[in-house]
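# Observations on chain architecture
Residues per chain are reported as follows:
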Amino acid sequence: MSRARYTTATQLGGELPIVTLARQKIVILGGGPGGYEAALVAAQLGADVTVVDSDGIGGACVLTDCVPSKTLIETSNAMTLINRAAGLGIATGGLATVNAARLYERITDLARAQSSDIAGRLAAEDVKVITAKGRLAGPGLVRAGDEQIKADAVLIATGAMPRILPGAEPDGERILTWRQLYDLTELPRDLIVVGSGVTGAEFASAYQALGSRVTLVSSRDRVLPHEDEDAANHIEEVFRRRGMTVLGRSRAQSVRRDRDGVTVRMDDGRTVAGSHCLMTVGMIPRTQGCGLDDAGVELNSHGFIEVDRVSRTSVPGVYAAGDCTGVNLLASVAAMQGRIAMWHALGEAVTPLRLGHVAATIFTDPEIATVGVSQRAVTAGEVAARVLNLPLATNPRAKMAGFSEGFVKLLASRREGEVLGGVVVAPRASELILAVSVAVEERLTVEELTHTFAVYPSLSGSITEAARKLMEFTPDPQ
């Protein structure tokens, strides 16, 4: 796209000279996915863009959260494959072990490289980056360190940070948040993971595969309490079968540092001892010191910034995107919120955010990927749908790879057979869910999905097979 906006006008006497419109000034607080994706869009639309960031381009997502954790998980997946090798007829010649120092070094190197790549993209688009803490300083004003910048629109994309449980304050050595794991020099021998949401389940799965003895402490009846029940139960069964200790209905009250380990105390008096404790008990918005109160930006009861579906806050000209809004804490959602904000601020046509179409993945082993209408909504009678759950155990490609864990679930409307949602539990479910995501986005029917060729043999063949089985239902007469 052109970097400048031009307009011409005609009148009876002839054409007027070409006039260049003033460039819009955009200031973005935060250089994570919500911020840098917004900056790229705004720059491509011809705006003068400044990003104010104090932590490093890419934000926590790239430097401490998503990129590092998924890099760790890739290594754990490799360990799982190695451990499965004997069943595939491969003699490995001994037990594979993890070089923890090299593992963590690779993770941090990769994160820094990704941050550098993003910074390069911003520079190529002439986006100015100021390394400082930024705050709203008045209507259309941002203070970045000692500098004050006038803006036509401001985007707040300052992210979130790990919630700290009183009585379990991290020390960075034995009691840890997930952002401190990569400073370790060893693999935790006995890791206690407090919290069984997405982050807790992912790290518990990864460290179990890497060779740690893992205890997962869950305050709920099951792990992943907010996810598809079939998928969550399946993953918990896998965890237990692989030797993980899962403590359900167990709420951690405190964590005490011992000389060479930790002790976690439950609210019922029970204790669990380990070498390290990883706290994964949620996120809180990172908005303190941003001038939101003075500017009149409304927050919800949890302190997250209130936004509408085009990322507007309660203050005209001020937008917000990403984890600081509390809207589905995913990098993909943050990036889309940021892009939508810039399209709206700069007068482009924009489609409001549709959370019902967001594809999400939990990077356990196997992975869990979901999109669209949930089983919970169908069971509660909120959505009328047919549901089919197809185990992967009969899939030929799964048999060849030596695994039988996982399934494909499709949900389709009763009358037309329109694909409303789906769940995939499988290795690389994050890739397989795309077919279902496209079907949901484009309102395809199970018949149309069935008539789409799938490779044989492939895991994706289970998606078309599930669609075919859904077609076998007799449609409702009304």
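Just so we're clear, the structure is a prediction, and the values are computed from it rather than from any experiment.

### Remarks on the confidence of the model for the chain
Of the residues in the chain, 94% reach a pLDDT of 70 or more, and the chain-wide mean stands at 93. Low confidence marks residues 1–12, where pLDDT is under 50. Its contacts with residues over four positions away, or in another chain, come to 30 contacts.

### A word on the nonpolar core
Leu72, Tyr104, Leu181, Phe203, Tyr207, Leu278 and Ile368 are the most contacted members of the largest nonpolar core, which has 36 residues in total. With six residues, the top contributor of residues to this core is helix H5 (residues 198–210). Contact partners of Tyr104, with chain neighbours within four places excluded, come to Leu72, Leu181, Tyr182, Leu184, Glu186, Leu187, Pro188 and Tyr207.

### Here's the deal with the sheet that holds strand S9 (residues 141–144)
In spatial order, the strands read S8-S9-S10; together these three strands make up an open sheet with antiparallel pairing. The sheet terminates laterally at strand S8 (134–138) and strand S10 (147–150), the two strands that pair on one side only. Here the strands of the sheet are splayed against their neighbours by 30° on average, with no regard to which way each runs. Where S9 and S10 come together, four bridges link them in antiparallel fashion. Within S10, the position partnered with Leu141 by the bridge is Lys150.

### What to know about the environment of Ala96
Within the secondary structure, Ala96 sits in the loop between helix H3 (66–84) and helix H4 (100–124). For Ala96, a relative accessible area of 25% corresponds to the partly exposed category. Taking the C-alpha atoms as reference, Ala96 lies 52 Å from Gly291; in sequence the two are 195 residues apart. In contact with Ala96, not counting residues within four places along its chain, are Met79 and Ile82.

### What to know about the environment of Arg143
Assignment of secondary structure puts Arg143 in strand S9. Excluding anything up to four places from it in sequence, Arg143 contacts Lys133, Gly134, Arg135, Ala137 and Gln148. Within polar-contact distance, the side chain of Arg143 engages the side chain of Gln148 at 2.8 Å.

The rules behind the values
Residues numbered from 1 in each chain as written. Predicted model: local features only at pLDDT ≥ 70, side-chain atom pairs only at ≥ 80, totals over all residues. Heavy atoms only, no water. pLDDT = per-residue confidence, 0-100. Contact = heavy atoms within 4.5 Å. Core = buried A, V, L, I, M, F, W, Y, C linked by side-chain atoms within 4.5 Å. Buried < 20%, exposed > 50% of the residue type's maximum accessible area, 1.4 Å probe, protein only. Helix = DSSP H or I, 4+ residues; strand = E, 2+ residues; numbered from the N terminus. Pairing = 2+ DSSP bridges. Axes fitted to C-alpha atoms, helices over the stretch in contact; angles between N-to-C directions. Polar contact = N/O pair within 3.5 Å; in protein donor to acceptor, adjacent residues only side chain to side chain.

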